[in-house]
Amino acid sequence: MTITQKILSKHCGRKEVYPNEYIECSVDLILANDITGPLAIEEFEKVGAKKVFNPGKIVLVPDHFTPCKDIKSAELVKKLREFAKKYKVRFYEIGKVGIEHVLLPEEGLILPGELIIGADSHTCTYGALGCFSTGVGSTDAAYAMITGKLWFKVPETIKFHYYGKMKEYVGGKDLILYTIGLIGVDGANYKSMEFSGEVIENLPIDDRFTMCNMVIEAGGKNGIIKPDEITDNYLKEIGIRIKIDEDLKTDEENDYEKIIEIDVSNIDPQVSAPHLPSNSKSVKEYIGIKIDQSVIGSCTNGRISDLRKAAKILKGKKIHPEVRCIIIPATQKVYMQALKEGLIEIFIESGCVISPPTCGPCLGGHMGVLGKGEIAIATTNRNFIGRMGHSESYVYLSNPEVAAASAIKGEITHPEEVI
Amino acid sequence: MKTKGKVWKFGDHINTDDIISARYLNTTDEKELASHCFESIRPEFSKNVKNGDIIVAGENFGCGSSREHAPISIKGCGISVVIAKSFARIFFRNSINIGLPLIELKEVDEIKENDILEVDFENGIIINLNSEKTYKFQKYPEFLQKIVLSGGLMELAKKYLKEKNNENY
């Protein structure tokens, strides 16, 4: 069995499960946010449920339109807040809240081998810690809040094997953009994407989160990486000492539906052009495209190592006078760390603005929405039509170094050009 | 169950931002969501769509976010069924859960905008009344049929609550 099959079988109380069969599993954690949570709560109340199956296993994170951008979003968050109070489930208030997929691991709520569902498509992020984690809908979340269970189709697994030596300014974001470009936006539809090989074994945890975060952009059900020493060190760092189950590994190569080998040695920093994440090519193909805005943040690239990478490029430089550069630390902890390391000072001195932790502009919510004809480079995950604002605006996806370098130059550029 | 309606044709990779833009996600109201359905890519859609109409699309329909607002807004427009070459998985499960019928059909390229289709869910047959062609489609597997026939996932939650109540929930 694959790691994914092993976790699913354990959670449905069976010795083995097979690809494409339907099963009902118990869930270890249910997440919902200010967009998906209110719908789940409405469904929960409509059927007359009086209690949640386990208050400790439900987390509500108002991160999309917060700090509330308008009256309607304030009403949505109010709904979450009141529900959390009534049913004694975890809720993160402004001041504590951060982008859910960075916050939950930070809070120690995600462990290897667990089964996590979230009413947010980027819930697949947590697979970086070796758990099965997938995005579902609001009705799914409501059903699971009542019963503690949910239905799944057992996915087939594609193994992605990365080897070779990465070039400078290439990280997890570039590997995943390259991979999505290779297989297409539905290249892994309904499937599990397992990342492995020497490159992954040496890849820092933040880059692993970035890779698993974007499997949904290839249609994947979950992304997963075998937990190892890097996982263990990360858990220790956040104060969790557990013995990782040694069986959390795929048994045989035959267990995979297919294996895709990727030599990383020739991969340049990647840029995905509008309007699909799969339009990824070397940054060199897009050099010279003028930009109006650069966004560095999101559940994909708003972690401390992302801010460090951006600061390294921006230190002592000025943002181009015709560019807005918006930096969004993903959580309060990331923000504080950036402050302690002097990164915030670097950003402000170079002319960036710092946003409180929020999903904000990534989905065209607030904190940097684009007008007609405007172009942005962003470390976010989607570049669909109208994603960051006007239906005639354009988003190019990249890693933090490329987004920072482009903000200095005023056009898409390779980081080497500004160093 | 049978349904008959006019076709609205869409291409490949229609994503959830195309279906309902995030700027309207500050509401959960079905009618309001329906009034902005496909606004970015087909502004005339929500004004002209009629009850019972059918969406026909290419590969990977509904890719992107987990927002259930997407199938809700489509259902709210009165769309009776979405037929596509393939569906993105979260959109697929959301539609099953809320009772928006979906059909996977490889031959969608033969169906044109404004064609009138008759869909026979029980027998798995689609008839194109314009081209007079007939297509067979795969019905849902038994496990999903159970959810759909119960009237959606929350009906199963009700059943669960009733059983629990009997055990002094």
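Residues numbered from 1 in each chain as written. Chains lettered and ligands numbered in written order. Predicted model: local features only at pLDDT ≥ 70, side-chain atom pairs only at ≥ 80, totals over all residues. Heavy atoms only, no water.

Q: Describe the overall build of chain A, and please don't skip the residues or the numbers.
A: On a plain count of helices and strands, chain A comes out with 14 helices and 18 strands. Taking 419 residues into account, the globule formula puts the C-alpha radius of gyration at 22 Å, and chain A, at 20 Å, falls close to it. Taking all 419 residues of chain A together, the buried fraction comes to 66%. For chain A, the share of sequence-separated contacts (at least 6 apart) that also reach a separation of at least 24 residues comes to 75%. Averaging the positions of the 50 positive and the 57 negative side-chain charges in chain A gives two centres separated by 5 Å. (Helix = DSSP H or I, 4+ residues; strand = E, 2+ residues; numbered from the N terminus. Rg over C-alpha atoms; globule rule 2.2 N^0.38 Å. Buried < 20%, exposed > 50% of the residue type's maximum accessible area, 1.4 Å probe, protein only. Contact = heavy atoms within 4.5 Å. Lys, Arg positive; Asp, Glu negative; His and termini not counted. Charge placed at Lys NZ, Arg CZ, Asp CG, Glu CD.)

Q: Tell me what's going on with the domain arrangement of chain A, and back it up with residues and numbers.
A: All names here are of chain A. According to the domain assignment, chain A consists of domain 1 (3-263) and domain 2 (271-417). For domain 1 versus domain 2, the distance between C-alpha centres works out to 24 Å. Across the boundary between the two partners, domain 1 contributes 37 residues, which contact 39 residues of domain 2. Area buried by domain 1 at its contact with domain 2 is led by Ile99, Tyr169 and Lys173, which between them contribute 23% of it. Put simply, domain 1 and domain 2 have two salt bridges between them. Between the two partners, domain 1 and domain 2, sit 25 residue pairs in polar contact (both at pLDDT 80 or more). For the side of domain 1 that touches domain 2, the elements supplying multiple residues, two or more each, are helix 4 (100-106), helix 6 (172-183) and helix 8 (205-213). (Domains from an automatic or database assignment. Buried area = accessible area lost by both parts, 1.4 Å probe. Salt bridge = Lys/Arg side-chain N within 4 Å of Asp/Glu carboxyl O. Polar contact = N/O pair within 3.5 Å; in protein donor to acceptor, adjacent residues only side chain to side chain.)

Q: Could you give me a rundown of the domain arrangement of chain B, with the residues and numbers involved?
A: Residue and element names in this part refer to chain B. Taken domain by domain, chain B holds domain 1 (2-138) and domain 2 (140-169). Centre-to-centre separation of domain 1 and domain 2, based on C-alpha positions: 25 Å. If you look at the interface, domain 1 gives seven residues, while domain 2 gives six residues. Roughly 550 Å² of surface becomes buried between domain 1 and domain 2 when both sides are summed, with 63% attributable to carbon and sulfur atoms. Looking at the side of domain 1 facing domain 2, the largest losses of area belong to Phe92, Ile96 and Asn97, adding up to 73% of the total buried there. Across the domain 1-domain 2 interface, the total number found is zero salt bridges. Counting residues per element, the side of domain 1 that touches domain 2 draws most heavily on helix 5 (residues 89-98), which supplies three residues. Each residue belonging to the side of domain 1 that touches domain 2 can be placed in one class, and the counts come to five nonpolar, two polar and no charged. (Nonpolar A, V, L, I, M, F, W, Y, C, P; charged D, E, K, R; others polar.)

Q: Give a detailed account of helix 5 of chain B, specifying residues and quantitative values.
A: Taking burial as the measure, the 10 residues of helix 5 of chain B include 10 buried ones, the bulk of the element. Looking one or two places after helix 5 of chain B, you find glycine 99 of chain B, whose phi comes out positive at around 80 degrees.

Q: How would you summarise the environment of asparagine 301 of chain A if you had to cite specific residues and measurements?
A: Residue and element names in this part refer to chain A. By the secondary structure assignment, asparagine 301 is in helix 10 (residues 298-301). Given the relative accessible area of 2%, asparagine 301 is considered buried. Contacts of asparagine 301, omitting those with residues within four sequence positions, involve Lys173, Thr210, Asp306, Thr379, Ser398 and Pro400. There is a polar contact of 2.9 Å between the side chain of asparagine 301 and the side chain of lysine 173.

Q: Any details on the packing of helix 11 (residues 304-314) of chain A against helix 13 (residues 343-350) of chain A? Residues and values, ideally.
A: All names here are of chain A. It is at 9 Å that the axes of helix 11 and helix 13 come closest, and there the two elements cross at 45 degrees. In this view, helix 11 runs oblique relative to helix 13, as classed from their interaxial angle. Considering only the axes of helix 11 and helix 13, their crossing is left-handed. On helix 13, the residues touching Ile304, Leu307, Arg308, Ala310, Ala311 and Leu314 of helix 11 are Leu343, Ile346, Phe347 and Ser350. By residue class, the composition of the contact of helix 11 with helix 13 is eight nonpolar, one polar and one charged. (Axes fitted to C-alpha atoms, helices over the stretch in contact; angles between N-to-C directions. Parallel < 35°, antiparallel > 145°, perpendicular 65-115°, else oblique. Left-handed = near helix turned anticlockwise from the far one by under 90°.)

Q: Hey, could you go over the interface of chain B and chain A for me, with residue numbers and the actual values?
A: With 45 residues of chain B in contact, the opposing surface of chain A contributes 53 residues. There are three salt bridges connecting chain B and chain A. One salt bridge connects aspartate 140 of chain A with arginine 93 of chain B, and the closest N-O pair in it is separated by 2.9 Å. For the pair chain B and chain A, the number of links is 21 residue pairs in polar contact (both at pLDDT 80 or more). The element that contributes the greatest number of residues to the side of chain B that touches chain A is helix 5 of chain B, accounting for eight residues. Split into classes, the residues belonging to the side of chain B that touches chain A amount to 21 nonpolar, 13 polar and 11 charged.

Q: Which residues make up the pattern of salt bridges, and what values do they have?
A: Residue and element names in this part refer to chain A. If you walk through the whole model with that rule in mind, you get 30 salt bridges over all chains. Among the ionic pairs, lysine 191 bridges to glutamate 257, the shortest N-O distance being 3.4 Å. In this pair, lysine 191 sits in the loop between helix 6 and strand 9 (192-196) while glutamate 257 sits in the loop between helix 9 (229-237) and strand 11 (258-263), placing the two residues 66 residues apart along the sequence. Residue lysine 191 is classed as buried on the basis of its relative accessible area of 18%. Residue classification places glutamate 257 among the partly exposed residues on the basis of a relative accessible area of 35%.

Q: If you had to explain the sheet that holds strand 4 (residues 90-91) of chain A to someone new, which residues and values would you point to?
A: Residue and element names in this part refer to chain A. Within the open sheet, the five strands sit side by side as 4-3-2-5-6. Their pairing is parallel. Unpaired on one side and paired on the other, strand 4 and strand 6 (132-135) mark the two borders of the sheet. With four bridges joining them, strand 2 (residues 29-33) and strand 5 (residues 115-119) adopt parallel strand pairing. Directly across from isoleucine 30, in strand 5, lies its bridge partner isoleucine 117. (Pairing = 2+ DSSP bridges.)

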